[in-house]
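# Observations on the three-dimensional arrangement
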Amino acid sequence: MCGIVGYIGNKEAFPILISGLKRLEYRGYDSAGVALLNGKTRIYKCKGKVSDLEEYVSDKDCSGTIGMGHTRWATHGEPNDINAHPHASMQGTFVVIHNGIIENYSRLKKRLEDRGYTFHSETDTEVLANLIEYIYLKGQVSAEIAVRLALTKVVGAYGILVACQEEQDVMFAARKGSPLVVGVGNGEFFFASDATPIVEHTNRVIYLNDDDVAIVRRDEITLKTVLNVPLTPVIQNLDIEIGEIEKSGFDHFMLKEIFEQSRSIEDTFRGRISHDRTQINLGGLYDVWPTLMQARRILIVGCGTSWHAGLVGEYLLEEFSRIPVEVEYASEFRYRNPIIYKDDVVIAISQSGETADTLAAIRLAKENGALVIGICNVVGSSIPRETNAGVYTHAGPEIGVASTKAFTAQVTVLAMIAIELGHKRKALSDEDYALLIQNLVEIPGKIQKILSHNDEIKEIASIYKDSHNFLYLGRGYFFPVALEGALKLKEISYIHAEGYPAAEMKHGPIALIDEQMPVVVIAAKDKSYEKIVSNIQEVKARKGIVIALVSEGDTIIHDMADHVMEIPLADEALAPLLAVIPLQLLSYHIAVMRGCNVDQPRNLAKSVTVE
Ligand code: G6P
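This write-up is about the structure you can find in this document.

Definitions and limits used
- Residues numbered from 1 in each chain as written.
- Predicted model: local features only at pLDDT ≥ 70, side-chain atom pairs only at ≥ 80, totals over all residues.
- Heavy atoms only, no water.
- Helix = DSSP H or I, 4+ residues; strand = E, 2+ residues; numbered from the N terminus.
- Rg over C-alpha atoms; globule rule 2.2 N^0.38 Å.
- Buried < 20%, exposed > 50% of the residue type's maximum accessible area, 1.4 Å probe, protein only.
- Patch = residues over 30% accessible without salt bridge, like charges linked within 9 Å, V, L, I, M, F, W, Y side chains within 5 Å.
- Areas by Shrake-Rupley, 256 points an atom, 1.4 Å probe, with all protein chains shown as cover.
- Salt bridge = Lys/Arg side-chain N within 4 Å of Asp/Glu carboxyl O.
- Lys, Arg positive; Asp, Glu negative; His and termini not counted.
- Charge placed at Lys NZ, Arg CZ, Asp CG, Glu CD.
- Core = buried A, V, L, I, M, F, W, Y, C linked by side-chain atoms within 4.5 Å.
- Contact = heavy atoms within 4.5 Å.
- Near = heavy atom within 4 Å.
- Polar contact = N/O pair within 3.5 Å; in protein donor to acceptor, adjacent residues only side chain to side chain.
- Axes fitted to C-alpha atoms, helices over the stretch in contact; angles between N-to-C directions.
- Parallel < 35°, antiparallel > 145°, perpendicular 65-115°, else oblique.
- Left-handed = near helix turned anticlockwise from the far one by under 90°.
- Nonpolar A, V, L, I, M, F, W, Y, C, P; charged D, E, K, R; others polar.
- Pairing = 2+ DSSP bridges.

### Topic: the overall build of the protein
- Looking only at helices and strands, the protein features 19 helices and 25 strands.
- A globule of 611 residues ought to have a C-alpha radius of gyration of about 25 Å, and the protein, at 25 Å, matches this closely.
- Viewed in the frame of its principal axes, the protein has a C-alpha envelope of about 80 × 55 × 45 Å.
- For the protein, the residues scored as buried account for 62% of the 611 residues in total.

Quick look at the structure:
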C-alpha cells in the first residue's frame, strides 16, 4: 500500500525523503510526492515512480529541514498528479500525507463544502487536511489541538503525518489501523510506514499504537492519545541490518529472496531446534501449549501467499496433531458471521503483519474468546502486537512484492508447530518426531541443490515465456504448492494461470488443454505418485505440454513429460518447501523475459492495509 516517510532535524530533508521513498518502492504505488518546509511550504508530486518525481523536482527548490514524502496506491481517485500526496489544506495552513481510508470522508467533505471549502482532488486525504485547517482557524486553537480534534471526527483507518505552515518546528504523526514508526536520532526524528527507510539512520524506533498522536520537535517527542491522555514513548531496538534491504548483486529483490531461502529457513528454525536436533522449542508459544493441545479446532486465516502457506499448514497440523483444521481467506472469515468456539485456536499468518483483513479477522476471533496465534515476519508489526502468542518467521525483510522466502518461512513455522503439537499430544511417536526434525534440518541443504539448477529452469522459461495460459496441478501437500506456483506467475508475468488439485482437472480444466497449454505438474514422490502419473497421461493424451516437477532419480515421468525439473527426495510433508522453489524461479525468469517489473508488479502492493 502507500508508503510514508518524514523527517524533522537539522539536515536537509529532501535526500532523506527520496532515499526513504526508494526503500518503500517495494510496497507498490502509482504516484509519489514530497512536501518541504523552509519558511514556506513547497509541495512537489507527480504520477509515476520516485525517479519521475526526482526528475520533476530537478530544477526546483528542495531545501528545508522538515519534510514528508509519500508513495500512493490509489484508493480514492485515479492515480494522477492531483490525487498524489501530500495534500495541502485550502488556505495552505496544513500539509498532510495519509495511508488508509477515511470512511466518512464524503459526509465530512459535504460539511466543509457547506462552510465554503473547495477541493482539488478526489481524495479523502484532502478532506482531512481541510478539516484540520477548519478547526484550527475557526477554533483559534493550536495545530496540535486541531489535529487531535479532527481525528476524533474521522471514521476509518489512517497513518498520517501533518505539518503546519504556521508552526514550523513541529511534525505530527498519528495512527489508527495503518502502521507508523518513528525513528529516534540525535536532535532529529524520522517517520515511516515501516522500518525499512529508517534503518540507515537509526536503530532506535517507537511503534505508534492505534489512537496515538506523536507531537515531534527536533529535540523531543511527546506522545498522547487522540483524546489528550499522556503516554510514555517506548523506544525499541531494530534488528534489521542495512544489507538485508539491499539487492546484494542480484538483478532483483525477488531473485535475491529466492536465493536466500536456504539461509532464511535456517534463521526460522535457529534457536528453536536444539543443537542435537532432538527437540523443538517455540518460545512464543510457551504459555499457550496447554490451550493449543486441547483445541477443539484450529482455524487458519491469511491472504494471498500466506493463505497458501495456511493450506500447507492444514495438511501438516491435521496429519501430525489430529486436530481438525480449517483454512479461510481472512476477508471471507471476517464478513461471513463464522462460528468461533472459545476453545478454537486461530492462527493468523501474515508476512507484513499489517494486512487489514487478517487484522480484522483476529480481532473477531478474540472478541469471540478464541486464542489467537500469529505467524508474522515483520517484527513489531500490528498482528504480532494484537495476538495472544506467536512465532516470528525471522526470514528478514522481504522487499519483492511477490512473496517467496516468507512463504517457505511460514511453512517452516507451521511444520514446527505441527510436529511439536503432534508429539505433545502423543499423536506422533518419539521416533517419527525425531525423524521429522532431522528431515526439516536437511531442507536448507536441499534448497541449495535446487538453486544450482537455476539455468535449466531459465531455459524452460525461455520456451514458454509467450504462453497465454498455464495450468498448475498437484495433489495432497503439492496442491497448495500448485496454487502458489500459479499465483507467482500471475502476479509478476501477467500470464493467466490456474492452480488445481490434479484429480479435479477432469471436472473442468481438462477442457482447456491443447497443444498450446503448458501444464506444470508437481509430481515428486509421495503417496499419490501413481495417481499423478495417470494425470500426466491424461494431459499428454490431449496434446498438452507437461513441465513436471519430479524427485531426483525419477525415470517414469522423465519419459512422459516434455520437460522436468528435479527436487531432492524429502518427507512429503516437508517437500512443499522444496517444490515451490523451481516454481518461483520459473515465474521469475518468465517475467524478466517478458520485460515485466518483477519487484513491483502493476496494481499490486506488498502490504495491503486497506480492506
Ligand atoms: C499482498 C502481497 C502478497 C501477500 C498478501 C498477504 O497481496 O502482494 O504477496 O501474500 O498481500 O500479505 P501478508 O503480509 O498478510 O502476508
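### Here we look at a positive patch on the surface
- On the surface, Arg107, Arg111, Arg115, Lys138 and Lys153 cluster together into a patch of positive charge.
- Note that Arg107 resides in helix H3 (residues 105-114).

### Let's talk about the pattern of salt bridges
- Applying the stated criterion to the full structure yields 32 salt bridges.
- Taking the shortest distance from any N to any O, the salt bridge between Arg270 and Asp267 comes out at 2.6 Å.
- When its relative accessible area of 18% is taken as the criterion, Asp267 is described as buried.
- Across the salt bridge formed by Lys527 and Glu572, the nearest N and O atoms sit 3.0 Å from each other. Of the two residues, Lys527 is situated in the loop between strand E23 (518-522) and helix H17 (529-541) and Glu572 in the loop between strand E25 (563-567) and helix H19 (576-593); the sequence distance between them amounts to 45 residues.
- With a relative accessible area of 65%, Lys527 lands in the exposed category.
- According to the relative accessible area criterion, Glu572 is buried, its value standing at 17%.
- Overlapping salt bridges bring together Lys256, Glu260, Arg263, Asp267, Arg270 and Lys405 as one network.

### Remarks on the nonpolar core
- If you look at the biggest cluster of nonpolar residues, it comprises 96 residues, and the most contacted ones within it are Leu285, Ile298, Leu316, Ile417, Phe470 and Tyr472.
- The greatest single-element share of this core, amounting to 11 residues, is contributed by H19.
- Once residues lying within four places of it in the same chain are set aside, the contact partners of Tyr472 are Ala482, Gly485, Ala486, Leu489, Ala497, Glu498, Gly499, Tyr500, Val520, Leu583, Leu586 and Ser587.
- Ranked by size, the runner-up nonpolar core spans 32 residues in total, among them Ala13, Tyr26, Val50 and Leu53.

### Structural notes on the site of the ligand
- The ligand sits among 14 residues. The nearest are Ser306, Ser350, Gln351, Ser352 and Thr355.
- One of the side-chain nitrogen or oxygen atoms of Ser350 is found 2.6 Å away from an oxygen atom of the ligand.
- One of the backbone N or O atoms of Val401 is found 3.2 Å from an oxygen atom in the ligand.
- Taken by itself the ligand offers 390 Å² of open surface, and the protein chains cover 92% of this.
- Among the elements that take part in the shell around the ligand, helix H9 (residues 304-321) stands out by supplying 3 residues, more than any other.

### With respect to unusual backbone geometry
- Following His85, the chain continues to Pro86 via a peptide bond in cis, the omega torsion being 0 degrees.
- Following the sequence through the fold, Pro86 ends up in the loop between strand E4 (66-72) and strand E5 (87-88).
- Positive phi outside glycine occurs at Gln140, with the angle close to 50 degrees.
- Note on placement: Gln140 falls in the loop between helix H4 (124-139) and helix H5 (143-152).
- Although it is not a glycine, Arg322 adopts a positive phi angle of roughly 60 degrees.
- Checked against the element boundaries, Arg322 lands in the loop between H9 and strand E17 (325-329).

### Structural notes on the packing of H9 against helix H13 (residues 405-424)
- For the pair H9 and H13, the least separation of the axes is 9 Å and the interaxial angle reads 20 degrees. Classified by the interaxial angle, the pair formed by H9 and H13 is roughly parallel. Regarding H9 and H13, the two cross each other, and that crossing is right-handed. Two secondary-structure elements touch here, H9 through Thr305, Ser306, His308, Ala309, Gly310, Val312, Gly313, Leu316, Leu317, Phe320 and Ser321 and H13 through Phe407, Gln410, Val411, Leu414, Ala415, Ile417, Ala418, Ile419, Leu421 and Gly422.
- Here the residues of the contact of H9 with H13 are counted per class, giving 13 nonpolar, 8 polar and no charged.

### With respect to the sheet that holds strand E20 (residues 389-392)
- Overall, parallel pairing links the 5 strands, which are arranged E17-E16-E18-E19-E20 in an open sheet. Every other strand in the sheet has two partners, leaving E17 and E20 as the edge strands with one partner each. Ignoring strand direction, the axes of neighbouring strands in this sheet form an average angle of 20 degrees.
- Its contacts with the sheet place H9 against strand E16 (297-302), E17 and strand E18 (344-350), and it is angled at close to 175 degrees to E17.
- Sheet strands touched by helix H11 (residues 356-367): E16, E18 and strand E19 (371-376). Its angle to E18, the strand with the most contacts, is close to 165 degrees.

None of the figures reported here should be taken as evidence of function without further support.
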